[in-house]
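Chain by chain, the residues run as shown.
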Amino acid sequence: MARTGLCDSRTLLDPRKAEERPPLRMWANICGARERRSCPDGDEWRQQHRDRQTDRRRQSSDCRWVWRPLLCEDDGVLLDYSQNSSVSPVESFEQEAVLNHLHSLHVAPSLRELLPGLLHREVEVAMDNLGLLYDRTYAWDVFSDMMRSQLRCALPSAELPWPFSENTRAILVDWLIQVHEVFNFSEETLYLAIHLLNRALRCVKVSVSSLQLLGVTCLFIAAKKEECLLPEVSELCYLMANAYSKKQFLRMERRVLGGLQFELFHCPPIHFLLLSAYIAHCSDKVVCMARYLLELSLLEGQCVVYLPAQLAGAALRLARRLLQDTPTPETETAWCIASTIHVGSEATLCSIMQIMAAAAARASSRESRATFVKYSTPETLQVSLHPTLNGAPCLLGLPT
């Protein structure tokens, strides 16, 4: 498929150009009209704003880590930041659960006591440097919301409704990855589109002949939410060899939005991957390998039941094992801090790693090879051609 000639939207969203963006929190934005009239002096307003920040810091000092239940009991704990109040039996149980989780990590006792505070600081620095938010003050609030809201991203079952199969879904996802590359969309758009497709297959009744239309519609809806520049509907119809009209496309869009009840939220696993890799001080090749493994998981229907943080953690852990970076005390300490983000039991992470390892071993020979070709270029450090990928299942003790 030929390139469409659309402008690259990634340059508008490049986190490295965050310093060129205008400040978001300006006096005219955060003050109402009444407050601006009552506070004409800029120095007086700055003092009031400084006092509010001081009160916020004083309140945050009374916060602590708490335990949040996950989808099942063996998936460990979800660390969160909550206000301290009167200690109840439930809160004492939460505190004990968090301590048990931290004590289960194989680190020195002195480091184990510092993990919550270290993670808090590292998350703030990582989100600020990655350009995931404008104001560092709210970094921890945004991260806590990501950890809580990801529970809505996992599907209860991996079974597909009749007459669709895993192979049919994989072919469609592989083609959507190619269309995503044609329009040069961001990674968030791809993960949101596949998430919407997974949900739409279970709540919108479509025939096999309309499956391609459903996939492109989900990609178009995701682009509306994530991108600055959008393709014309006629261009999307052209990519489908004009098998569907513009009217059919817009009708399918209404059906999908109605079936999803306009709930388009998704916490992409790529955000957890970038955060963990930054905190763990991973090399560029490890990060690129983890991106490759994470994108391969989109083709696997079994992965829809796992949380985004679990998928990101398994991809990063498998990438480190495949590339076998030489460990140092600094990198091991950083990895220990980053691993607290990967909620879930060890068995859950190992199951995901086995799925990803099997997918990586057969990626070069399967019919859906878009991700393999995408990560075989010099820009992606040719990680899909790494020789250890063919024996990835053996590293995990799986039969070849």
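These remarks concern the structure in this document. Values in this document were obtained by computation on a predicted structure and should not be read as measured data.

Brief notes about the packing of helix H7 (residues 166–182) against helix H8 (residues 187–203)
Okay, so step 1: It is the contact of H7 with H8, at a shortest axis distance of 11 Å, that shows an interaxial angle of 150°. As far as their axial angle goes, H8 and H7 are roughly antiparallel. The element H7 and its partner H8 pack so that their crossing is right-handed. Facing H7, whose interface residues are Arg169, Leu172, Val173, Leu176, Ile177 and His180, H8 presents Glu187, Leu190, Ile194, Leu197, Asn198 and Leu201.
Okay, so step 2: Taken together, the residues of the contact of H7 with H8 sort by class into 8 nonpolar, 2 polar and 2 charged.

A word on the side chain of Glu187
Okay, so step 1: Position of Glu187 relative to the elements: it lies in helix H8.
Okay, so step 2: A polar contact is formed between the side chain of Glu187 and the side chain of Arg291, at a distance of 2.3 Å.
Okay, so step 3: In this view, Glu187 contacts His180, Ile270, Arg291 and Tyr375; residues no more than four positions away in its chain are not counted.

Some words on unusual backbone geometry
The bulk of non-glycine residues show a negative phi, and the bulk of peptide bonds are trans.
Okay, so step 1: In this model, Trp162 is joined to Pro163 through a cis peptide bond whose omega is 10°.
Okay, so step 2: Along the chain, Pro163 turns up in the loop between helix H6 (139–149) and H7.
Okay, so step 3: Phi is positive for Ala241, close to 60°, though the residue is something other than glycine.
Okay, so step 4: Of note, Ala241 is situated in the loop between helix H10 (233–239) and helix H11 (246–259).
Okay, so step 5: Not every positive phi belongs to a glycine, and Gln261 is a case in point at roughly 55°.
Okay, so step 6: Summarising the element assignment, Gln261 is placed in the loop between H11 and helix H12 (269–279).

A short note on the pattern of salt bridges
Okay, so step 1: Under the definition given, this model contains 9 salt bridges.
Okay, so step 2: For Lys374, the salt bridge is made with Glu181, and the minimal N-O distance between the two is 3.5 Å. Of the two residues, Lys374 sits in helix H17 (residues 370–374) while Glu181 sits in helix H7, which places them 193 residues apart along the sequence.
Okay, so step 3: By relative accessible area, Lys374 is classed as buried at 16%.
Okay, so step 4: Take Glu181: its relative accessible area is 24%, and that puts it in the partly exposed class.

Looking at helix H14 (residues 308–323)
Okay, so step 1: Across its 16 residues, H14 extends 23 Å between first and last C-alpha, which sits within 8% of the 22 Å expected from 1.5 Å per residue.
Okay, so step 2: Counted residue by residue, H14 has 14 buried out of 16 residues, so it is predominantly covered.
Okay, so step 3: Following H14 by one or two positions, Gln324 has its phi on the positive side, about 55°.

Criteria and thresholds
Residues numbered from 1 in each chain as written. Predicted model: local features only at pLDDT ≥ 70, side-chain atom pairs only at ≥ 80, totals over all residues. Heavy atoms only, no water. Axes fitted to C-alpha atoms, helices over the stretch in contact; angles between N-to-C directions. Helix = DSSP H or I, 4+ residues; strand = E, 2+ residues; numbered from the N terminus. Parallel < 35°, antiparallel > 145°, perpendicular 65-115°, else oblique. Left-handed = near helix turned anticlockwise from the far one by under 90°. Contact = heavy atoms within 4.5 Å. Nonpolar A, V, L, I, M, F, W, Y, C, P; charged D, E, K, R; others polar. Polar contact = N/O pair within 3.5 Å; in protein donor to acceptor, adjacent residues only side chain to side chain. Salt bridge = Lys/Arg side-chain N within 4 Å of Asp/Glu carboxyl O. Buried < 20%, exposed > 50% of the residue type's maximum accessible area, 1.4 Å probe, protein only. Expected span 1.5 Å × (residues − 1).

Keep in mind these values describe shape, not function.
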